[in-house]
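Letter by letter, the chains look like this.
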Number of protein chains: 2
Amino acid sequence: MTEQITGPRPTLEAVAARAGVSRATASRVVNGGAGVRAPLVEKVRRAVEELGYVPNHAARTLVTRRNGAVAVIIAEPEFRIFSDPFFEQQVRGISRELTAHDAQLVLLWVEGPGDHERIARYLGGGHVDGALAFSLHSDDRLSALIVRSGVPTVFGGRPAGSDLAVPFVDCDNRGGAREAVRHLVSLGRKRIAHIAGPRDQTSALDRIAGYHDVLVDADPALLCQGDFTRESGARAMAQLLDRWPDLDAVFASNDLMAAGALSTLRERGVRVPEDVAVVGFDDMESVVRDTAPALTTVRQDIEGMGRIMVKLLMRRLDGAGEAESASASASVITQTSLVRRASA
Amino acid sequence: MTEQITGPRPTLEAVAARAGVSRATASRVVNGGAGVRAPLVEKVRRAVEELGYVPNHAARTLVTRRNGAVAVIIAEPEFRIFSDPFFEQQVRGISRELTAHDAQLVLLWVEGPGDHERIARYLGGGHVDGALAFSLHSDDRLSALIVRSGVPTVFGGRPAGSDLAVPFVDCDNRGGAREAVRHLVSLGRKRIAHIAGPRDQTSALDRIAGYHDVLVDADPALLCQGDFTRESGARAMAQLLDRWPDLDAVFASNDLMAAGALSTLRERGVRVPEDVAVVGFDDMESVVRDTAPALTTVRQDIEGMGRIMVKLLMRRLDGAGEAESASASASVITQTSLVRRASA
DNA sequence: ATGAAAGCGCTAACAC
DNA sequence: GTGTTAGCGCTTTCAT
């Protein structure tokens, strides 16, 4: 019934024998068949088919020193954020692009410093060709470890310790924030507040910087600290409202906080956008879907960033021989775009 | 500064040379050192240390035919449910246990039937020693494929097609449901409804069965269909309330739906548990944390189930030589326990 | 208890 | 173009 592979799997040798060619030729065909005459290619292909031949990965790795696997390193605080659609999207992009490159995703889940040694050993053991990591928090110890392992790595999000000159992929947080605030200004708003994200994440810092780029001498009290959660956004909005009776706009560092702000506004009977205009950041579908009014926000292509992380890594791996440290180690900053909806 | 591994990594040969022993002895020491005299063990250990030797995985796999990696196959609908804490917990358990066994987690993300062939090839390619899969939905095609690949596999959740005699790990859904309903009965409740989960998940079906075990001739109209979401629970509760004015208890197939039911009850001014007692299923911390009143529910140890999946798989892999199909392929049903809180 | 030697299955020079 | 051959780094009989 269930046609199960029974005996030992056929080797290249067997394929070659059946096709009546040498092992080398069989190998060439299996690897694309460049420089082999058509009829032979055909013969080998048939033999592969008939025997159900599948290349032995270990043997191949042993000689090529490439194993077609990439580690995705996720530290506990971020994994928790798997509930955060942000991560799901990024990992989705990574997974898809990896598949397109015929590479496997090896998940390395770091629960704490106790796991550091294991990770270092694994990375140092050459089990993977490269690694993808996320630099969400300022705790550099893990990042440093990864870099030191010597495994080509691309980070997601600009690392905090700028001394580590590692390639990363991030969206233009600062530029996006600028665009958001400029939009608010263009609407004629005079008193524009900012609900900021946690200070230990570069994305939040960059967005604050963008805010200040436009509002050079904004009163510091217009800036209210949040932590990227909906509740913190609601709280911050309440504070701002108390502090600034004439407030007419707010730029939140992410959509979740913007949604929180929106609910506070509604509770207080403040009209959006008539009285206060609101702009978010991320364009997170699951959040944006049901805010009232529809949220104007800065979109970033998260899945795309995941894919780019992989592309960057792959380029580095492929070009390993040539321009080692040339454009190979360049980072990528992706564009953001303002999505205008009803809230501003 | 960054102490990076520069040249090619040292081989066993190098270690042996430095320790003044043969490659064979060095190998023995690296693999535990059984049957090697202490002084030599010591010498080799030192050489390993000094050279920073790390075994070459591919070479080892090539000869042992074991590669210390396990695939975790996640199909798209379930991955979406990564937001569902259920999955996070189960994967956490799996990851931890795998680490304890020195095995790596290779994530295989299946987006649709288009990926089936790729998965089959990967599994067939012997890249992993075993696989862990989830049988949440009745779509057997993927499951069948996995089974057919011949890779030892353990499923999470009882598979729908009972014809596939594959080992799985699941909690005692039916027994747990029975306990929940019996508790309601012991409370003196006479009109006990059930908010069921989707019909294509065995867990939901088993819980329905448990409900009927206790309430043998319950009116079919006491059973209301939900889909495991909070909203569906709220809706179902409303329907039941309309249908049964004398309703005094409800058992929901999961906590999320119970939470939804609770909010409907509150809206309608129905007191819990005085008027209607409510019991959930899962004891999902993130849901249970903030229901009012605190939810009485059936607890299952999800992380533990993840760990058991790994243990089962490992036992199968290790005992591969001996009692192949003996107790090796047995499934595990874990106990549930009723957690009494305020709602029933 | 230790060493010598034979591969594991494959790719990549190098000959032809 | 195609075949021959030499390893990749390791484990594992088999002698000693």
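As a starting point, this report considers the structure included with it. (Residues numbered from 1 in each chain as written. Chains lettered and ligands numbered in written order. Predicted model: local features only at pLDDT ≥ 70, side-chain atom pairs only at ≥ 80, totals over all residues. Heavy atoms only, no water.)

Within the secondary structure, A:Arg118 sits in helix H7 (residues 116-124). A:Arg118 has contacts with A:Trp109, B:Thr99 and B:Gln104, leaving out every residue within four places of it along the chain. (Helix = DSSP H or I, 4+ residues; strand = E, 2+ residues; numbered from the N terminus. Contact = heavy atoms within 4.5 Å.)

All names here are of chain B. Here we have 6 strands laid out as an open sheet, ordered S7-S6-S8-S9-S10-S12, and mixed in their pairing. Edge positions in the open sheet fall to strand S7 (223-225) and strand S12 (337-339), since each of these has one partner strand only. On average, each strand axis in the sheet is tilted by 20° relative to the strand beside it, whichever way the strands run. Of the pairings in the sheet, the one linking strand S8 (residues 249-252) to strand S9 (residues 277-282) comprises 3 bridges and is parallel in character. Note that in S9 the partner of Ala249 across the bridge is Ala277. (Pairing = 2+ DSSP bridges. Axes fitted to C-alpha atoms, helices over the stretch in contact; angles between N-to-C directions.)

Here the focus is the packing of aromatic side chains. Residues and elements named next belong to chain B. Summed over all chains, the structure comprises 6 aromatic pairs over all chains. Relative to Phe134, the ring of Phe87 lies with its centre 4.7 Å away and its plane at 70°, an arrangement referred to as edge-to-face. Here the residue Phe87 occupies a position in helix H6 (residues 85-100), and Phe134 occupies one in strand S3 (residues 130-134), the gap between them amounting to 47 residues. Just as Phe87 is buried, Phe134 falls in that class too. (Phe/Tyr/Trp six-rings, centres within 6.5 Å; stacked < 30°, edge-to-face > 60°. Buried < 20%, exposed > 50% of the residue type's maximum accessible area, 1.4 Å probe, protein only.)

It is worth spelling out the protein's contact with DNA strand D at this point. Taken together, 28 residues sit near DNA strand D, with A:Arg28, A:Arg37, A:Arg65, B:Leu12 and B:Tyr53 positioned nearest. For DNA strand D, the backbone makes up 64% of the atoms found within 4 Å of the protein, where backbone means sugar plus phosphate. Measuring from a base nitrogen of DNA strand D, one finds a side-chain N or O atom of B:Arg23 at 2.8 Å. Secondary-structure elements contributing two or more residues to the surface near DNA strand D are helix H2 (23-30) and helix H4 (57-64) of chain A together with helix H2 (23-30) and helix H4 (57-64) of chain B. Per-element accounting of the surface near DNA strand D gives the leading share, 5 residues, to H4(B). (Near = heavy atom within 4 Å. Polar contact = N/O pair within 3.5 Å; in protein donor to acceptor, adjacent residues only side chain to side chain.)

A few words now on the relation of the copies chain A and chain B. In summary, the two copies of the chain are related to each other by a rotation about an axis coupled with a shift along it. If you rotate chain A by 180° and push it 0.1 Å along the axis, it lands on chain B with an RMSD of 0.2 Å. The transformation relating the two chain copies, once decomposed into turn and shift, fits a two-fold axis. (Least-squares fit on C-alpha atoms with pLDDT ≥ 70 in both.)

With that out of the way, let us pick up the protein's contact with DNA strand C. Lining the immediate environment of DNA strand C, one finds 28 residues, of which A:Leu12, A:Tyr53, B:Arg28, B:Arg37 and B:Arg65 sit closest. Backbone atoms, meaning sugar and phosphate, form 70% of the atoms of DNA strand C found within 4 Å of the protein. Between a phosphate oxygen of DNA strand C and a side-chain N or O atom of A:Ser27, the distance comes to 2.7 Å. The contact in question runs from a phosphate oxygen of DNA strand C to an N or O atom on the side chain of B:Arg65, over 2.3 Å. Secondary structure elements with two or more residues in the surface near DNA strand C: H2 and H4 of chain A together with H2 and H4 of chain B. Grouping the constituent residues of the surface near DNA strand C by class yields 13 nonpolar, 8 polar and 7 charged. (Nonpolar A, V, L, I, M, F, W, Y, C, P; charged D, E, K, R; others polar.)

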